[in-house]
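Remarks on the overall topology
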Amino acid sequence: MQDFLGNLFRGILFITLTIAGLVLTFFFIAFAVVVLGVLYIVSLVRGKKFSASDYWQQTRQRAQQTQSQFNGRFKQPSYSRRKPEDVTDVEIREIK
């Protein structure tokens, strides 16, 4: 009987957590749809066209600019004494 009650409580807990996860998932999806709707309405008021792909493309471009600026600021110095044009590839062969 004790085993039955433990399994019953465990099953109820599992189902409760599963339903809570589904509710949260639907909440986040609905929230994302509302945010996209607000962005669309704001773009209509401003007189600009809006599409999700354009928004993501602009976001990607800003991220790439930020990345290139970061790389430019923190570029590691080259400790080589030779210019990159003067360095040639060398083939290494193993001698047995």
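Further up the page is the structure itself.
Residues numbered from 1 in each chain as written. Predicted model: local features only at pLDDT ≥ 70, side-chain atom pairs only at ≥ 80, totals over all residues. Heavy atoms only, no water.

As for a nonpolar patch on the surface
Keep this limit in mind: Each patch is built from residues lacking any salt bridge and having more than 30% relative accessible area; the joining distance is 9 Å for like charges and 5 Å for nonpolar side chains (Val, Leu, Ile, Met, Phe, Trp, Tyr). Each accessible area value is a Shrake-Rupley result obtained with a 1.4 Å probe; residue values ignore everything except the protein chains displayed when judging cover. The salt bridge definition used is simple: a Lys or Arg side-chain nitrogen within 4 Å of an Asp or Glu carboxyl oxygen. Elements are defined by DSSP. Helices are runs of H or I of four residues or more, strands are runs of E of two residues or more, and each kind is numbered from the N terminus. Three labels apply to residues, based on accessible area from a 1.4 Å probe with only protein chains included: buried if under 20% of the type maximum, exposed if over 50%, partly exposed otherwise in between.
Residues Met1, Phe4, Leu5, Leu8, Phe9 and Ile12 make up a contiguous nonpolar surface patch of roughly 670 Å² in combined accessible area. Within the element layout of this structure, Phe9 appears in helix 1 (residues 2–46). Given the relative accessible area of 55%, Phe9 is considered exposed.

Observations concerning the side chain of Ser43
The cut-off we apply is this: In the analysis that follows, any N or O atom pair within 3.5 Å is treated as a polar contact, provided that within protein one partner can donate a hydrogen and the other can accept it, and provided that, for residues neighboring in sequence, both atoms belong to side chains. What makes two residues a contact is simply this: any of their non-hydrogen atoms within 4.5 Å.
Within the element layout of this structure, Ser43 appears in helix 1. Within the local environment of Ser43, its side chain forms a polar contact with the backbone oxygen of Tyr40, the two atoms lying 2.6 Å apart. In this structure Ser43 touches Lys48 and Phe50, once residues within four positions along its chain are discounted.

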